[in-house]
Amino acid sequence: MNFNLRDIYNHMGVFALGIAWTLILFAVASLAVFFERLFVFFRSRSISKQFASRAGPLLTQHQHEALVKEAEATKGSHLAMLLGGGMKHFLAKSRVPAGKLGPVELTRRELVRINERVSADVRRGMSVLATVGSVAPFVGLLGTVVGIIEAFSGIAKEGSGGLGAVSAGIAEALVVTALGLLVAIPAVLMFNFLSTRADSLQLSLDAARSEFMDYLEDLGPQKPVATNGAAVATGPELAARKESRDVHPA
């Protein structure tokens, strides 16, 4: 018998075929996640650059409402998601009387929560690559064990230990092992590549968040503004007014 891949595939048992097709599905899933993440990373980087060029002048001119609208209109940018959510929260907290925590501190905490959601979105699907890279060799090894068992079963049936009695089973076992390694090695490489890209993107977002918080802190104490544009008295101002009325009743 000439042992080429087609002949080996045609002589595979049901279990070995199941192992082989499972590994093929692993490979397809790995490629799908890899190219999808590449598309998301490059799209986010490109759109974020465009958003940053528009957001910078808006922050310089203190056009905060315009920044929120610009961020909401920008889809596919993690930077827009982070800064837009932070500015929206800051404006919302600035319109109500101040509590124990000011708008800046509340915005800082909100940005931490938003950053966690952004980080989860950045690494979405990468667990598939990690799983395939770690599991695929063992799946191939399982096929190897089954192939060796079938090879020894062939020896028992033939009554001799000749090469012809075991060669088909051994070849089948080695092919499944090789297939498992062919699936696992690229999956590990793709995971490492995407992890590097994700870390770089996350580092840029952390720097942008830090700069944004510096901007908010540099604004100084902000007078809360009501929805109708009138200033809202803060807690100390209300207390001072009450004390003034008590001292100087109308």
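Notes on the structure in this doc start here. Treat the numbers as computed from the prediction; the structure is a model and nothing was measured.

1. Description of the side chain of N115
- Looking at the secondary structure, you find N115 in helix 5 (residues 103-122).
- Take N115: its relative accessible area is 11%, and that puts it in the buried class.
- Side chain to side chain, N115 and Q202 meet in a polar contact 2.9 Å long.
- Every residue in contact with N115, bar those within four places of it in the chain, is listed here: L82, Q202, D206 and R209.

2. Some details on the side chain of S44
- One can find S44 in helix 2 (residues 14-60).
- Beyond its immediate sequence surroundings of up to four residues, S44 is in contact with G76, S77, H78 and L201.

3. Focus on the packing of aromatic side chains
- Scanning the entire structure with this criterion turns up 2 aromatic pairs.
- Summarising the aromatic geometry, the rings of F34 and F35 are spaced 5.3 Å apart at their centres and angled 70° between planes, so their arrangement reads as edge-to-face.
- Residue F34 is classed as buried on the basis of its relative accessible area, which comes to 14%.
- Ring geometry for F34 against F193: centres 6.1 Å apart, planes inclined by 55°, an arrangement best described as tilted. One end of the pair, F34, is in helix 2; the other, F193, is in helix 7 (residues 163-219), and 159 residues separate them in sequence.
- Here F193 falls in the partly exposed class, since its relative accessible area comes to 38%.
- One aromatic cluster in this structure is built from F34, F35 and F193.

Rules used throughout
- Residues numbered from 1 in each chain as written.
- Predicted model: local features only at pLDDT ≥ 70, side-chain atom pairs only at ≥ 80, totals over all residues.
- Heavy atoms only, no water.
- Helix = DSSP H or I, 4+ residues; strand = E, 2+ residues; numbered from the N terminus.
- Buried < 20%, exposed > 50% of the residue type's maximum accessible area, 1.4 Å probe, protein only.
- Polar contact = N/O pair within 3.5 Å; in protein donor to acceptor, adjacent residues only side chain to side chain.
- Contact = heavy atoms within 4.5 Å.
- Phe/Tyr/Trp six-rings, centres within 6.5 Å; stacked < 30°, edge-to-face > 60°.

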